[in-house]
Protein chains: 2
Amino acid sequence: MPGLIGAIRDYYGKIGVELEKEDILITTGGSEALLLTFLCIMDPYTEVIVPEPYYPNYTTFVHAAGGRIRALPTRPEEGYRYADRKRIESLITKNTRAIMITNPGNPTGVVLSQEEMRMIADIAKEHDLFLICDEVYREFCYDDKFGVPSMGKFRDIDENLVIVDSVSKRFSACGARVGCVVTRNKELQAALLKMCQSRLSVATIDQIGAEALYSVDHEFFRKSKAEYRKRRDLVVSMLRQIPGVQVEEPMGAFYVMAGLPVDDADKFQRWLLEEFDHEGDTVMFAPGAPFYETPGKGINEVRIAYVLDCKDLARAMELLGRGIECYRQQVMRL
Amino acid sequence: MPGLIGAIRDYYGKIGVELEKEDILITTGGSEALLLTFLCIMDPYTEVIVPEPYYPNYTTFVHAAGGRIRALPTRPEEGYRYADRKRIESLITKNTRAIMITNPGNPTGVVLSQEEMRMIADIAKEHDLFLICDEVYREFCYDDKFGVPSMGKFRDIDENLVIVDSVSKRFSACGARVGCVVTRNKELQAALLKMCQSRLSVATIDQIGAEALYSVDHEFFRKSKAEYRKRRDLVVSMLRQIPGVQVEEPMGAFYVMAGLPVDDADKFQRWLLEEFDHEGDTVMFAPGAPFYETPGKGINEVRIAYVLDCKDLARAMELLGRGIECYRQQVMRL
């Protein structure tokens with residue numbers, strides 16, 4: 001047995017990212033990888049640029065480290081794409097410490113092209129910033145042109161790059177709490193190692209289990225991706241049939257952001273849970289506003305996680321359509 | 001099954017500490033309980049008063065939260081006792097946010113008397129400070145007069161008290177990474193809960209295992225304590241037979257601090273590992289200086305963890321005696 005770090009190193013080798021063992025530190029999920037990274041690189045009042053909408057817990061981790069998030073705005077009608085050099089560079093100040101991206105994106109499903117990845121890597125390098133890439137969804141890219149993307153393939157940004165990773169999405173093992181932080185920057189490695197040593201170890205049994213997970217073959221990923229692609233296609237096509245819903249087809253991860261024809265998605269969600277049912281069933285999603293740093297944005301948007309089987313997803317989308325119709329009549333009086 | 005939080009609540013009830021379920025938050029070991037607590041209560045340049053010597057990782061957690069440690073000095077010849085109202089109050093400034101103690105103590109084995117606990121609780125209350133008590137060793141008190149001590153029994157310091165706890169010492173389960181943070185302060189509960197939610201959960205399998213650990217009966221603790229008492233007695237009596245060693249009998253935990261007749265315990269440890277052997281064996285302890293915040297203190301002290309069986313401990317103490325004699329002749333030229 002190669003040990004968990006050895007198994008992760010082998011996995012990275014197979015996707016074209018050559019790592020040394022010391023480039024990998026095991027963490028209690030991707031969450032701890034993020035918290036420790038921010039604790040190591042942020043000082044009070046320093047900033048990290050993050051395209052919004054983004055995973056809301058980033059805010060907690062950045063704030064815990066005394067820093068703040070500078071949101072890079074995107075637009076639903078542009079499919080939430082953010083790889084625009086001018087827009088990114090306009091946010092860089094003397095307080096900027098890092099650019100952070102999630103690729104493929106949560107909650108947007110945006111996947112960067114090779115050219116976009118290269119351009120963002122160039123910005124980080126030219127401005128001497130850390131580039132933190134949350135790549136936990138990298139196996140979930142639904143167009144084969146993307147392959148299994150990782151910023152770790154660019155060897156000229158070794159000093160800038162921090163990859164955040166986890167077993168939970170890759171192997172559907174979300175209670176396992178095993179992730180890692182990957183960097184080739186020796187100074188950051190030393191700081192992260194000190195933080196890791198201070199909290200002793202990651203849960204032992206989970207580490208042994210995670211090592212075994214990395215022994216699955218290519219067929220597991222192929223089947224898993226095919227299943228999620230089917231779910232995405234179903235959800236997107238059913239969302240498009242609901243009048244007034246705005247949705248772009250996500251290219252990766254297992255989420256889709258959609259704009260609903262309601263006044264407030266949070267209020268609508270509460271109403272679905274408390275007032276609505278169809279033959280005893282209702283439906284739940286994540287309201288969009290918490291995914292935004294900018295106040296007032298995402299009010300009528302929702303994130304739908306297509307992590308149920310197709311039969312349940314079809315019923316959920318049917319319930320969403322019925323719920324919207326009923327809510328617009330009964331609550332919005334339209 | 002009462003669930004892990006229910007099991008912990010039942011355990012606390014048995015030792016005389018009445019808790020509500022919401023007073024308990026499960027953490028990835030006592031380490032995460034400490035880190036999250038400091039992240040919630042410290043701001044840049046705030047201070048926490050800690051008797052030294054103390055567990056060195058406290059420093060990393062406090063620094064990660066932007067704060068600093070104000071060391072409360074103790075003296076080996078006083079058995080490292082620190083419960084002195086004047087000495088503690090002399091360290092309180094407008095920047096002081098908390099007093100932190102480990103009871104029973106690591107590395108000193110100091111156990112506070114009921115009167116000392118009450119006095120420290122009073123100081124925290126009078127000065128409106130958090131009182132953070134790391135009580136992971138509370139079952140390991142070798143004089144029956146101490147019982148199973150916990151600051152949680154004082155109900156007038158609900159707003160001040162934070163208890164840090166863990167299964168690792170109590171059940172000899174040190175790779176399990178399940179602990180908890182206990183507080184009845186509602187505002188702090190809300191902040192800690194937010195931090196806990198941001199990093200999702202503690203490893204699921206370990207939580208299930210920990211729940212089962214809490215079902216052990218009183219006999220387990222009785223046997224465990226009797227074994228450690230035997231080990232302590234053996235180590236202390238053998239240390240006292242080594243010429244020049246200064247040691248006081250520790251009252252709790254499973255460590256003893258000792259002053260050795262060497263110039264530098266760290267240098268001596270390296271020499272033991274690299275240059276010394278007796279019939280192929282050598283011995284290893286933790287050098288004392290890293291347990292101190294004050295530079296220059298603890299240079300000739302060591303922490304010995306009596307976590308081996310008596311036969312191995314006896315051999316280790318024999319090796320330590322031989323090592324000291326040999327080192328003083330060969331290296332110190334005495």
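Parameters at a glance
- Residues numbered from 1 in each chain as written.
- Chains lettered and ligands numbered in written order.
- Predicted model: local features only at pLDDT ≥ 70, side-chain atom pairs only at ≥ 80, totals over all residues.
- Heavy atoms only, no water.
- Contact = heavy atoms within 4.5 Å.
- Buried area = accessible area lost by both parts, 1.4 Å probe.
- Salt bridge = Lys/Arg side-chain N within 4 Å of Asp/Glu carboxyl O.
- Polar contact = N/O pair within 3.5 Å; in protein donor to acceptor, adjacent residues only side chain to side chain.
- Helix = DSSP H or I, 4+ residues; strand = E, 2+ residues; numbered from the N terminus.
- Nonpolar A, V, L, I, M, F, W, Y, C, P; charged D, E, K, R; others polar.
- Core = buried A, V, L, I, M, F, W, Y, C linked by side-chain atoms within 4.5 Å.
- Buried < 20%, exposed > 50% of the residue type's maximum accessible area, 1.4 Å probe, protein only.
- Pairing = 2+ DSSP bridges.
- Least-squares fit on C-alpha atoms with pLDDT ≥ 70 in both.

Peer 1: Lay out the interface of chain B and chain A with the relevant residues and their values.
Peer 2: Think of interface size as the accessible area that goes away when the parts come together; that is how it is often given. Counting from both sides, the interface comprises 25 residues of chain B and, opposite them, 25 residues of chain A. Between chain B and chain A lies a buried interface of about 1,900 Å² when both sides are counted; carbon and sulfur atoms form 63% of it. At the junction of chain B and chain A, the tally comes to zero salt bridges. Scanning the region where chain B abuts chain A turns up eight residue pairs in polar contact (both at pLDDT 80 or more). Among the secondary structure elements, those contributing two or more residues to the side of chain B that touches chain A are α2 (29-41), α3 (57-64), α6 (186-198) and α7 (204-213) of chain B. A class-by-class count of the residues in the side of chain B that touches chain A yields twelve nonpolar, nine polar and four charged.

Peer 1: Lay out the nonpolar core with the relevant residues and their values.
Peer 2: Counting 60 residues, the largest nonpolar core has F38, L39 and V48 of chain A together with F38, L39 and V48 of chain B as its most contacted members. Excluding residues within four positions of it along the chain, V48 of chain B makes contact with F38, M42, V62, R68, I69, R70, A98, I99 and M100 of chain B. Counting residues in each nonpolar core, the second largest holds 49 residues, with M117, M151, I163 and V202 of chain B among its members.

Peer 1: Before we move on, could you go through the environment of R328 of chain A and cite the residues and values that matter?
Peer 2: All names here are of chain A. Relative to the helices and strands, R328 is located in helix α10 (residues 310-330). R328 gets classed as partly exposed once you look at its relative accessible area, which sits at 29%. Distance from R328 to I92, taken between C-alpha atoms, is 42 Å for residues 236 residues apart in sequence. Those residues in contact with R328, other than ones at most four positions away along the chain, are P261, R333 and L334.

Peer 1: Tell me what's going on with the pairing of strand β1 (residues 24-27) of chain A, and back it up with residues and numbers.
Peer 2: Residues and elements named next belong to chain A. The alternating pattern of β1 places I24 and I26 and L25 and T27 on opposite faces, both of which are buried. Here four bridges tie β1 to strand β7 (residues 179-183), and the two strands are oriented antiparallel to one another. Note on β7: the bridge partner recorded for L25 is V181.

Peer 1: Let's hear about the relation of the copies chain B and chain A: which residues, and what values?
Peer 2: In the superposition of chain B on chain A (RMSD 0.0 Å, axial shift 0.0 Å), the rotation amounts to 180 degrees. The transformation relating the two chain copies, once decomposed into turn and shift, fits a two-fold axis. Most of the interface of chain B is mirrored in chain A, where 100% of its interface residues again form contacts.

Peer 1: Quick one: what's the story with the environment of A98 of chain A, residue by residue and with numbers?
Peer 2: Residues and elements named next belong to chain A. You can see A98 is positioned in strand β4 (residues 96-102). For the pair A98 and F130, spaced 32 residues apart in the sequence, the C-alpha separation amounts to 4.4 Å. In contact with A98, other than residues within four places in its own chain, are I41, E47, V48, I49, L129, F130 and I132.

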